[in-house]
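Breakdown of the fold
Listed here are the chains, written in short residue letters.
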Amino acid sequence: MKKIDVLLGLQWGDEGKGKVVDVLTPQYDVITRFQGGPNAGHTLEFDGKKYVLRSIPSGIFQGGKINIIGNGVVLDPMLFKEEAVSLAANGHNLATQLYISKKAHLIMPTHRILDAANEAAKGMGKIGTTGKGIGPAYTDKISRNGLRVGDLLHDFDRKYAAAKLRHENLLRAMNYGYNIAQSEREWFEALEYLKKFKFIDSEHVINEYLTADKSILAEGAQGTMLDIDFGSYPFVTSSNTIAAGCCTGLGVAPRNIGEVYGIIKAYCTRVGSGPFPTEQDNETGAEMCERGCEFGSVTGRRRRCGWIDLVALRYAIMINGVTKLIMMKSDVLDTFKTIRACVAYRIEGEEVTNFPFEVAEANIEPVYADIEGWQTDMTSVKSEDEFPEEFNLYISFLEHELGVPIFIVSVGPDREQTIKRL
């Protein structure tokens, strides 16, 4: 019986998961998405075109592969339709390749309004959500009030009306004005489009694939440090972004998890509010942002940039059981004479290497190690043999500090700019 491999981000999201899934897909039969919503954009570039996937697994571009949206995902029918129609217009046939779990929850138009209302109520303490309705949809799921894809086949109109009324009562209590007439009409049109796809009991199907020795790759969204339990709470997302989320988001037993691929950037970024100990709010951060084109693929928001944080990475590797590392955007650091890496935190005069409980309000001073930069254009490098010695030393330093091998290095956005080392 095969095991399911998991691929996820180890930082605050935007690590480059979409490109890596696309690169690894040829060795798998099935690609699945196990959590998150359309706030997570996975960007892929090949054949001179750029694609952004928000809900559809990134294996959709490799012909003949089965792609499954798992039960742990929250799905917005309107954004799904927009995404699917765009892919179809570019020649990618989803009808025979994409399955959707009946247990995946639906994002309603009123979920978006509740998202905006909740953020407005927080004032200066806002989290910085994408406003896509993700949090309210997961709130309904946990409070046992959610709508699921499978409900489209079972008394849906009654269930929708009850959920909408509940949301309207909440908005009325918040004294928040809104108008959903147009978005609701578009939402129902999108539901009809959604019905063209095959709804499945995904937990049964996935386990049947494993029994039949089908190879499966599970794709996570966001990043480990945004996990609802283990991230920098409360500045986190609404789902479990860690490897354990694969078990609950697909219905797979822990013993059936195989490789855990952890994706990192050669530096670090974060979108929206929340702690970021190694942030460089200066010319260094601005250069990283410009060279790395660090703007959200879904929101367009500028990402905050800083040096790599090994304290947070060790923590992420530990709770995920990472077996192999994949380093993205190495080329962004090509121009730096010195590369810095945070090896510890200094909190109230004490040096610590464990990721602390309180990050949002703690006065954290990063303790850095400095590594000589390679100052070489890495974008044209085709093999490990062409790596500058300084770049090899940076890789060796990271492997020593993190205790996990780096087996893929990305030196540019195209799928061809990907180098396997081991």
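First things first, this report covers the structure right here in the doc. As the structure is a computational prediction, the values presented were derived from the model and not from experiment.

What follows deals with the sheet that holds strand 11 (residues 257-265). A sheet is described by the order of its strands in space; here ten strands give the open sequence 9-7-5-2-10-1-11-15-19-20, paired in mixed fashion. What marks the edges here is a single partner per strand, and that holds for strand 9 (198-200) and strand 20 (418-420). Neighbour-to-neighbour, the strand axes of this sheet turn through a mean angle of 25°, independent of strand direction. Here strand 1 (residues 4-9) runs beside strand 11; their pairing, made up of five bridges, is parallel.

Judged by nonpolar contacts, the single largest core of 61 residues is most densely connected at Ile4, Leu10, Leu310, Leu325, Met327, Leu333 and Tyr394. Per-element accounting of this core gives the leading share, six residues, to helix 11 (residues 389-402).

This brings us to the packing of helix 3 (residues 109-122) against helix 4 (residues 134-142). Viewed as axis vectors pointing N to C, helix 3 and helix 4 meet at an angle of 110°, and their least axial separation amounts to 7 Å. Taken together, the axis directions place helix 3 and helix 4 in an arrangement best described as roughly perpendicular. In this structure, helix 3 contributes His111, Leu114, Asp115 and Asn118 to the contact, and helix 4 contributes Ile134, Pro136, Ala137 and Asp140. Its residues assigned to classes, the contact of helix 3 with helix 4 shows four nonpolar, two polar and two charged.

We now examine the layout of surface pockets. A volume near 170 Å³ is recorded for the second largest pocket. Residue lining of the second largest pocket: Asp229, Phe230, Gly231, Ser232, Tyr233, Tyr315, Phe355, Pro356, Phe357, Glu358, Val359 and Ala360, and that is the complete set. The residue makeup of the lining of the second largest pocket, split by class, is eight nonpolar, two polar and two charged.

Time to look at unusual backbone geometry. Cis geometry is found at the peptide bond from Tyr233 to Pro234, where omega equals 5°. For Pro234, the location among the structural elements is in the loop between strand 10 (216-219) and helix 8 (244-250). The phi dihedral of Asp14 falls on the positive side, at around 65°, and the residue is not glycine. One can find Asp14 in the loop between strand 1 and helix 1 (17-24). Not every positive phi belongs to a glycine, and Lys329 is a case in point at roughly 55°. Structurally, the position occupied by Lys329 is in the loop between strand 15 (324-328) and strand 16 (338-347).

Before going further, it helps to examine the packing of helix 2 (residues 77-89) against helix 6 (residues 181-194). Axis separation between helix 2 and helix 6 bottoms out at 8 Å; the angle between their running directions is 55°. Our classification of the angle between helix 2 and helix 6 gives oblique. Our pair here, helix 2 against helix 6, has a crossing hand that is left-handed. Between helix 2 and helix 6, the residues in contact are Pro77, Met78, Phe80, Lys81, Ala84 and Val85 and Ser183, Glu186, Trp187, Ala190, Leu191, Tyr193 and Leu194, respectively. Across the contact of helix 2 with helix 6, the residue classes tally to ten nonpolar, one polar and two charged.

This part is about the environment of Ala181. With respect to the helices, strands and loops of the structure, Ala181 is situated in helix 6. On the basis of relative accessible area, Ala181 is assigned to the partly exposed category, the value being 46%. A sequence separation of 151 residues divides Ala181 from Val332, and the C-alpha atoms of the two residues are 45 Å apart.

Take the packing of aromatic side chains next. Counted according to the given criterion, the structure contains 15 aromatic pairs. For the ring pair Trp374 and Phe391, a centre distance of 4.8 Å and an interplane angle of 80° mean the geometry is edge-to-face. Of this pair, Trp374 sits in the loop between strand 18 (364-372) and helix 11 while Phe391 sits in helix 11; the two residues are 17 residues apart in sequence, bridging distant segments of the chain. Accessibility expressed as a relative area gives 0% for Phe391, which makes it buried. Taken together, a centroid distance of 5.6 Å and an interplanar angle of 45° make the contact between Trp374 and Tyr394 tilted. Placement of Trp374 in the loop between strand 18 and helix 11 and of Tyr394 in helix 11 is noted, with a sequence separation of 20 residues between them. Like Tyr394, Trp374 is buried. Here the basic side chain of Lys198 rests over the ring of Tyr99, its NZ or CZ set 5.2 Å away from the ring centre. Over the aromatic face of Phe407 sits the side chain of Lys324, whose NZ or CZ is 4.9 Å from the ring centroid.

The rules behind each value
Residues numbered from 1 in each chain as written. Predicted model: local features only at pLDDT ≥ 70, side-chain atom pairs only at ≥ 80, totals over all residues. Heavy atoms only, no water. Pairing = 2+ DSSP bridges. Helix = DSSP H or I, 4+ residues; strand = E, 2+ residues; numbered from the N terminus. Axes fitted to C-alpha atoms, helices over the stretch in contact; angles between N-to-C directions. Core = buried A, V, L, I, M, F, W, Y, C linked by side-chain atoms within 4.5 Å. Buried < 20%, exposed > 50% of the residue type's maximum accessible area, 1.4 Å probe, protein only. Parallel < 35°, antiparallel > 145°, perpendicular 65-115°, else oblique. Contact = heavy atoms within 4.5 Å. Nonpolar A, V, L, I, M, F, W, Y, C, P; charged D, E, K, R; others polar. 1 Å grid on protein atoms, 1.4 Å probe; cavity = no way out; pocket = protein on both sides within 12 Å on 5 of 7 lines; lining within 4 Å. Points joined across faces, edges and corners; volume = space filled by probe spheres on them. Left-handed = near helix turned anticlockwise from the far one by under 90°. Phe/Tyr/Trp six-rings, centres within 6.5 Å; stacked < 30°, edge-to-face > 60°. Lys NZ or Arg CZ within 6 Å of the ring centre and 35° of its normal.

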